[in-house]
Amino acid sequence: MRGGLTLLHSWTVLLVLPLVSACTQQSTQTAARQIGNASRGAGLISWYGCSACHSVPGVPGADALVGPPLDHFSHRGYIAGVLHNSPDNLVMWIRNPQKFVPGNAMPALGIDDRDAHDIAAYLYSIE
Ligand code: HEC
């Protein structure tokens, strides 16, 4: 009987986990569409020089490896390993990464709230 319960429990985890993660992705992508203008964000990624450190799919010339590649961003659980991956947190990270991981190599680039929203919208639009 105990073995049966354990088996049942494993099945529950196997069935429920993919559902939870599918919901997270969907809500993150939906939220992204609402938070900003993704195509403007792609241009800003070049303008602010994010491409000097990151590889970003869909942004010409963004193939650097100083920071982590920003592909599959809506599928990530955490931002820089410390912030839960949500649109609000991504905007805060883009505006002031030093606040969350002091001393890391990503500088605060003087990005205003609107630009940070558009950049975040683009990052979430990357499949
Ligand atoms: C001088 C290099 C540099 C520049 C310029 C830079 N970054 Fe970063 N970025 C980093 C590094 C290094 C990290 C990893 C920080 C950490 O994990 O502590 C990082 C982390 C990130 C993360 C989290 C990645 C993850 O895997 O969780 C995002 C998102 C990000 N940067 C976006 C941007 C955007 C958008 C710009 C332009 C506005 C930008 N970065 C400019 C170096 C840079």
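Structure: see above.
Residues numbered from 1 in each chain as written. Predicted model: local features only at pLDDT ≥ 70, side-chain atom pairs only at ≥ 80, totals over all residues. Heavy atoms only, no water.

Enquirer: Please provide a residue-by-residue account of the site of the ligand, values included.
Expert: Residues in contact with the ligand amount to 22 residues; listed here are only the nearest, Cys50, Cys53, His54, Arg76 and Met106. Interatomic distance of 2.6 Å between a side-chain N/O atom of Arg76 and an oxygen atom of the ligand. For the ligand, an oxygen atom lies 2.6 Å from a polar atom in the backbone of Ala80. Elements that contribute at least two residues to the shell around the ligand include exactly strand 1 (78-79) and helix 3 (87-95). The residue makeup of the shell around the ligand, split by class, is 17 nonpolar, 4 polar and 1 charged. (Near = heavy atom within 4 Å. Polar contact = N/O pair within 3.5 Å; in protein donor to acceptor, adjacent residues only side chain to side chain. Helix = DSSP H or I, 4+ residues; strand = E, 2+ residues; numbered from the N terminus. Nonpolar A, V, L, I, M, F, W, Y, C, P; charged D, E, K, R; others polar.)

Enquirer: Quick rundown of the environment of Val91? Include the residues and the values.
Expert: Within the fold, Val91 resides in helix 3. Judged by its relative accessible area of 5%, Val91 falls in the buried class. A C-alpha to C-alpha distance of 9.3 Å links Val91 and Ala121, two positions 30 residues apart in sequence. (Buried < 20%, exposed > 50% of the residue type's maximum accessible area, 1.4 Å probe, protein only.)

Enquirer: How would you summarise the pattern of salt bridges if you had to cite specific residues and measurements?
Expert: Applying the stated criterion across every chain yields a total of 5 salt bridges. Across the pair Asp118 and Arg40 runs a salt bridge, and its minimum N-O distance is 2.5 Å. Here the residue Asp118 occupies a position in helix 5 (residues 113-125), and Arg40 occupies one in helix 2 (residues 38-47), the gap between them amounting to 78 residues. According to the relative accessible area criterion, Asp118 is buried, its value standing at 4%. Of the residues examined, Arg40 reaches a relative accessible area of 28% and is grouped as partly exposed. Residue Asp113 pairs with Arg95 through a salt bridge whose shortest N-O separation is 3.6 Å. (Salt bridge = Lys/Arg side-chain N within 4 Å of Asp/Glu carboxyl O.)

Enquirer: Give me the nonpolar core: which residues, what numbers.
Expert: With 24 residues, the main nonpolar core has Ile45, Val56, Leu90, Ile94, Ile119 and Leu123 as its most contacted residues. Of all the secondary-structure elements, those providing two or more residues to this core are helix 2, helix 3 and helix 5. Per element, the largest residue contribution to this core is 6 residues, and it comes from helix 5. If we skip the residues at most four places from it in the chain, Val56 touches Ile45, Ala62, Leu70, Tyr122, Leu123 and Ile126. (Core = buried A, V, L, I, M, F, W, Y, C linked by side-chain atoms within 4.5 Å. Contact = heavy atoms within 4.5 Å.)

Enquirer: Please provide a residue-by-residue account of the packing of aromatic side chains, values included.
Expert: Applying the stated criterion across every chain, the model contains 2 aromatic pairs. The interplanar angle of 55 degrees and the centroid separation of 6.1 Å between the aromatic rings of Phe73 and Tyr124 together place this pair among those described as tilted. Here Phe73, found in the loop between helix 2 and strand 1, pairs with Tyr124, found in helix 5; they are 51 residues apart in sequence, far enough to count as distant. Phe73 sits in the buried class, given a relative accessible area of 5%. Judged by relative accessible area, Tyr124 falls into the buried class, the value being 1%. (Phe/Tyr/Trp six-rings, centres within 6.5 Å; stacked < 30°, edge-to-face > 60°.)

Enquirer: An account of the environment of Met92 is requested, with residue identities and associated values reported.
Expert: In this fold, Met92 is placed in helix 3. Sequence separation between Met92 and Ala120 is 28 residues; the distance between their C-alpha atoms is 9.8 Å.

Enquirer: Could you give an account of helix 5, with specific residues and numbers?
Expert: Because each turn of an α-helix spans 3.6 residues, side chains separated by three or four positions in sequence point in the same direction. For helix 5, spanning 13 residues, the distance from its first C-alpha to its last is 18 Å, which sits close to the expected 18 Å at 1.5 Å a residue. With a side-chain oxygen lying 3.2 Å from the backbone nitrogen of Arg114, the N-terminal cap of helix 5 falls on Asp112. (Expected span 1.5 Å × (residues − 1).)

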